[in-house]
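# Breakdown of the fold
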Amino acid sequence: MSEEKIIIGQNTDYPLNGILTIPSETEHPVPACVFVHGSGSSDMNEHIGKLYPFRDLAEGLMKYGIASIRYDKRSYAHGRKMLKSKQLITVREETIEDAILAADLLRNDPRIDSEKIFIIGHSMGAMLAPRIDHEGGNFKGLIMMAGSPFRLEEILQRQISEISEHSNALVRWIINKQASKLTKQFDGLYEKDIEETKKIRMGGGTTLYYFREMGDHPVSMYLKSNEKPILIMQGEKDFQAKADPDYREFQNMLSDKDNVTFRLFPGLNHLFTVALSDDISKSKNEYSKERHIPDEVIRTIAEWIFDNCKEEQEEHSV
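The paragraphs below set out a description of the structure included in this document. (Residues numbered from 1 in each chain as written. Predicted model: local features only at pLDDT ≥ 70, side-chain atom pairs only at ≥ 80, totals over all residues. Heavy atoms only, no water.)

This part takes up the overall build of the protein chain. When its secondary structure is counted, the protein chain shows 12 helices and 8 strands. Relative to the compact-globule value of 20 Å for 318 residues, the protein chain shows a C-alpha radius of gyration of 20 Å, a close match. In terms of its C-alpha atoms, the protein chain occupies a principal-axis envelope of roughly 60 × 45 × 40 Å. Counting every position in the protein chain, which comprises 318 residues, the buried fraction comes to 54%. By sequence separation, contacts in the protein chain at least 24 residues apart represent 70% of the contacts at least 6 residues apart. Summed over all atoms, the accessible surface of the protein chain reaches about 15100 Å², with 48% contributed by carbon and sulfur. The averaged location of the 51 negative side-chain charges in the protein chain is 8 Å from the averaged location of its 41 positive side-chain charges. (Helix = DSSP H or I, 4+ residues; strand = E, 2+ residues; numbered from the N terminus. Rg over C-alpha atoms; globule rule 2.2 N^0.38 Å. Buried < 20%, exposed > 50% of the residue type's maximum accessible area, 1.4 Å probe, protein only. Contact = heavy atoms within 4.5 Å. Areas by Shrake-Rupley, 256 points an atom, 1.4 Å probe, with all protein chains shown as cover. Lys, Arg positive; Asp, Glu negative; His and termini not counted. Charge placed at Lys NZ, Arg CZ, Asp CG, Glu CD.)

And the structure:
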């Protein structure tokens, strides 16, 4: 295995440290993937507790002959700078721009087959993957891990409600009070004046417009018109993006599209490691024990990538 330090967006205001993982001995250009983080601030390994999902995926895919790029998320590397700039933050500034830059970096590497670059989005990264592809990523195919077809504010409200249900009376009262405030802010979101949403402060340096802007570009809008190969993956024990309703709704939405492949993995959680619990209120403990993504998951991705690369080669030979 060869791991090379890289910089995404080297000549921008927000350069990001990253790693290119590539098979060390290759006779021909190889396929490659760009990893895109979930919500929040994450390092290049998407490190949570004692789990390192992007590192697991990068090292695992390399063994199958697939290169990858992983990099620190902009809000992780430059969060303070982003806040000081007073720039209005949307998912475009937070995520989309850097994923496109990573794809461009791969295309300019002669060891990478520029026609066989895929995106692997996890959680919110999965929800953004079709938009990233549409807005300049131009990927060969999309791999969506633990995503959701619902809008971000709907997911947030659902998760808060589920945490409340599993909490004691005092904590439930506090959570419900916060949830009530959120509900008022989200109520009628898409009828509100856009300029007003830009003034309403939310957590993490974002505004209500962050939700509005993302909601105006729902994943369904891109998936229904996208004819590229798409792999939708879900852990059956995931309590953040759930098999029901999230995965089930993807299946209902895309049941008539033969370019979409679905894979549900029994017993796996949101990070595609063996689940310790399916209780969202125990999320902190869920990621506190070291585990790794099983080879079954990595092999599924690798075989799907090569199957779709093979189809392209057969088309060219005809």
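Remark: helix H3 (residues 91-107) packs on helix H4 (residues 124-137), axes separated minimally by 10 Å, with the N-to-C direction vectors making an angle of 60°. It follows that H3 is oblique to H4 by the angle criterion. Considering the relative orientation of H3 and H4, their crossing is right-handed. Within the contact between the two elements, H3 uses Val91, Arg92, Glu94, Thr95, Ile96, Ala99, Ile100, Ala103 and Arg107 and H4 uses Met124, Leu128, Arg131, Ile132, Glu135, Gly136 and Gly137. Here the residues of the contact of H3 with H4 are counted per class, giving 8 nonpolar, 3 polar and 5 charged. (Axes fitted to C-alpha atoms, helices over the stretch in contact; angles between N-to-C directions. Parallel < 35°, antiparallel > 145°, perpendicular 65-115°, else oblique. Left-handed = near helix turned anticlockwise from the far one by under 90°. Nonpolar A, V, L, I, M, F, W, Y, C, P; charged D, E, K, R; others polar.)

Before going further, it helps to spend a moment on the packing of aromatic side chains. According to the stated counting rule, one finds 6 aromatic pairs in the structure shown. Pairing Phe118 with Trp304 gives two aromatic rings, centres 5.8 Å apart and planes at 65°, and the pair type is edge-to-face. In this pair, Phe118 sits in strand S5 (residues 112-122) while Trp304 sits in helix H12 (residues 295-317), placing the two residues 186 residues apart along the sequence. Here the two residues Phe118 and Trp304 agree in accessibility, since each one is buried. Residues Phe265 and Phe272 carry aromatic rings whose centres are separated by 6.1 Å and whose planes lie at 80° to one another, so their mutual orientation is edge-to-face. Just as Phe265 is buried, Phe272 falls in that class too. Through a chain of ring-to-ring contacts, three or more aromatic side chains come together here, namely Phe186, Tyr210 and Phe211. The ring centre of Tyr14 lies 5.1 Å from the NZ or CZ of Lys81, which sits over that ring. (Phe/Tyr/Trp six-rings, centres within 6.5 Å; stacked < 30°, edge-to-face > 60°. Lys NZ or Arg CZ within 6 Å of the ring centre and 35° of its normal.)

With that settled, consider the nonpolar core. Counting 52 residues, the largest nonpolar core has Tyr71, Ile132 and Met144 as the members making the most contacts within it. At 7 residues, the largest contribution of residues to this core is made by H3. Formed by 25 residues, the second largest nonpolar core is a distinct cluster that contains Leu231, Phe265, Leu268 and Val297. (Core = buried A, V, L, I, M, F, W, Y, C linked by side-chain atoms within 4.5 Å.)

Its location among the elements puts Asp113 in strand S5. The buried category is assigned to Asp113, whose relative accessible area is 19%.

What follows covers unusual backbone geometry. Residue Asp244 is joined to Pro245 through a cis peptide bond whose omega torsion reads 25°. Checked against the element boundaries, Pro245 lands in helix H10 (residues 243-253). Positive phi outside glycine occurs at Ala146, with the angle close to 60°. Relative to the assigned elements, Ala146 resides in the loop between strand S6 (141-145) and helix H5 (152-165). Assessed through its relative accessible area of 1%, Ala146 is described here as buried. Although it is not a glycine, Phe272 adopts a positive phi angle of roughly 65°. Inspection of the secondary structure puts Phe272 in the loop between strand S8 (260-265) and helix H11 (283-286). With relative accessibility at 1%, the residue Phe272 sits in the buried group.

Strand pairing within a sheet occurs via backbone hydrogen bonds; the two strands may be parallel or antiparallel. On the basis of which strands lie adjacent, the open sheet formed by 8 strands has the order S1-S2-S4-S3-S5-S6-S7-S8 and mixed pairing. The sheet is open, and its two edges are formed by strand S1 (2-8) and S8, each paired on a single side. Neighbour-to-neighbour, the strand axes of the sheet open up by a mean angle of 20°, direction not taken into account. Across 6 bridges, strand S7 (residues 230-235) lies against S8 in parallel orientation. Bridged to Met233 within S8 is Arg263. Of the strands in this sheet, S1, strand S2 (16-22), strand S3 (30-36), strand S4 (67-71), S5 and S6 are in contact with helix H1 (residues 53-63), which crosses S3 at around 175°. (Pairing = 2+ DSSP bridges.)

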